[in-house]
Structure formats: C-alpha cells, structure tokens
Amino acid sequence: MRIATPLLVAMAALMLPATCLPQVTQNWVSSNSATAAYNPAITTDASGNLYVAGTTGSSYMLIKYNASGVKQWGIVGLVGSGNGVVGLGHDNAGSVYLVTNAGSGILVAAFNPSGSALWGTTLRYTGLSAIARAMAVDGAGNVYIGGQMYTASSPHVYNYMTIKVSGGVQQW
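Per chain, residue numbering runs from 1 following the sequence as it is written. Side-chain atom pairs in this predicted model are given and counted only at pLDDT of 80 or more, local residue features only at pLDDT of at least 70, and totals for whole chains, interfaces and linings cover all residues. Just so you know, side-chain values use all the structure's heavy atoms and leave hydrogens and water out.

**Q** Would you explain the packing of aromatic side chains in this entry?
**A** Each aromatic ring pair is characterised by the separation of its centres together with the angle its planes make. Any Phe, Tyr or Trp ring, taking Trp's six-membered ring, that has another such ring centre within 6.5 Å forms a pair; planes under 30 degrees apart are called stacked, those over 60 apart edge-to-face, and the others tilted. Inspection of every chain in the model, using the stated rule, returns four aromatic pairs. Their ring planes at 55° and their centres at 6.2 Å tell us that Y51 and W73 sit as a pair that is tilted. Highlighted residues: Y51 in strand 2 (residues 50-56) and W73 in strand 4 (residues 71-78), separated in sequence by 22 residues. Each residue's exposure class comes from its accessible area (1.4 Å probe, protein chains only) as a fraction of the maximum for that residue type: buried when under 20%, exposed when over 50%, partly exposed otherwise. Note on Y51: relative accessible area 0%, which makes it buried. Considering the side-chain rings of Y97 and W119, the 6.2 Å spacing of their centres and the 50° angle between planes classify their relative orientation as tilted. Of this pair, Y97 sits in strand 6 (residues 96-102) while W119 is found in strand 8 (residues 117-123), placing the two residues 22 residues apart along the sequence. Assessed through its relative accessible area of 5%, Y97 is described here as buried. The numbering of helices and of strands both runs from the N terminus, where a helix is a DSSP run of H or I of at least 4 residues and a strand a run of E of at least 2.

**Q** Mind showing me how you'd approach the environment of K64 here?
**A** Its place among the elements puts K64 in strand 3 (residues 59-65). Non-local contacts of K64, meaning those with residues more than four positions away in its chain, are made with N49, L50, Y51, V70, K71, Q72, W73 and P113. Contacts: residue pairs with any heavy atoms within 4.5 Å of one another.

**Q** Just to check I follow, could you spell out the sheet that holds strand 11 (residues 158-166) for this structure?
**A** Strand pairing in a sheet relies on backbone hydrogen bonds. The paired strands run either parallel or antiparallel. Strand pairing follows a simple DSSP-based rule, namely that at least 2 bridges must link the two strands. Taking strand neighbours across the sheet as the criterion, the four strands line up as 9-10-11-12 in an open arrangement whose pairing is antiparallel. At either margin of the open sheet sits one strand with a lone partner, and together these are strand 9 (128-137) and strand 12 (169-170). Examined bridge by bridge, strand 10 (residues 143-151) and strand 11 share eight bridges and lie antiparallel to one another. The residue bridging Q148 from the neighbouring strand is Y160, located in strand 11.

**Q** What exactly am I supposed to notice about the nonpolar core here?
**A** Among soluble globular proteins, nonpolar side chains are generally buried collectively. As used in this record, nonpolar core signifies buried Ala, Val, Leu, Ile, Met, Phe, Trp, Tyr and Cys residues forming a set joined through side-chain atoms within 4.5 Å. I106, V108, V143 and I145 are the most contacted members of the largest nonpolar core, which totals 18 residues. Mapped by element, the contributors of at least two residues to this core are strand 6, strand 7 (105-111), strand 8, strand 9, strand 10 and strand 11. Top element by residues in this core is strand 9. It accounts for four residues. Ignoring sequence-local partners within four residues, the contact set of V108 consists of L98, V99, W119, G120, T121, L123, V143, I145 and V165.

**Q** I tried to follow the environment of L78 on my own but got confused; where do I start?
**A** Here L78 shows up in strand 4. Each C-alpha atom of the pair L78 and L107 lies 9.9 Å from the other, and the pair is 29 residues apart in sequence. Among residues more than four places away in sequence, those in contact with L78 are S58, S59 and Y60.

This is how it looks when you write it as structure tokens:
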C-alpha cells in the first residue's frame, strides 16, 4: 500500500519535537487605561522607540515607549467627531507626526521627541468633506496624505486627493 507524499510530510511535521520549532519571546507588554482605542497606528524610530496612537470617542491618544517598553510620555487631544487615527510617521530629527480624521476635516499634528506640540492644523474645505485614508512622512518632516474629498450636499461627488503639509501649512 502506497501513502501519498503530502500525507507523509504532514505526519512527519506533527511528530517533530517542540525544540525544533522556532521559539517566540515576549520582550514587554504595556497597557493604558482608555475606554477603547479605535483604529490604532504604530511606528518606530531609529532609536527603537515605539509610538502608538488611537482614538477614544472624540479624542486621540499618542503614547511613546522606549525600546525597553517604558512609557516616556502620553498625550490626549480633541478631534471632535473623529473617525480614527489614519497613521503615524517620524522624520530624521525624531519628531512624530499624527494624522486623524476630524469631523469633515483632517487633523495633522507634529510633536517633538519629548512630546511637546510643534504645530497642529485642521484642514477644512468650503462645501467639501475630506477623509484621509493613508499618510507618509519624509525625512524632512513633510506630511503626505491620500484620501478622498466629496461634496457636502447630496448627491455626493467623490474625488481622490493628495495633500502635502509642511510646518503645519498645506503646500498642495
């Protein structure tokens, strides 16, 4: 009687001792008291620091942990009726950038490595609503946002958008 090769391979894999399988080591765990964190975003910097952001109702939270998992600072800010954090990024100077939807506009904020606000701006457009879907930051701290704009009145007309923000000012 001949046994199919895939069946033999599967049976052999089941008989391997656990020492042959890769081991996972948990380095650290941290939690913070928030009722809920919606649409979380995470980024790391060159020093191994970890930045975590999310929204809790009408507020956003941004937390920095060092490479050992020790909380360095935390920030809570208001966004109105936000739809969640779109993304986080950092530049070569160690500043971190946050993009979140805020009602019919988009909040873009920058924080230095110590957690102090460098600038923040809410992008709003007359007669239009904007929704950010993705973001990126270059080494110089320019923030690029992709998403959609649509007319505020029905029937809605949707268009793609790409925005560049530098120093808290929309460039294009």
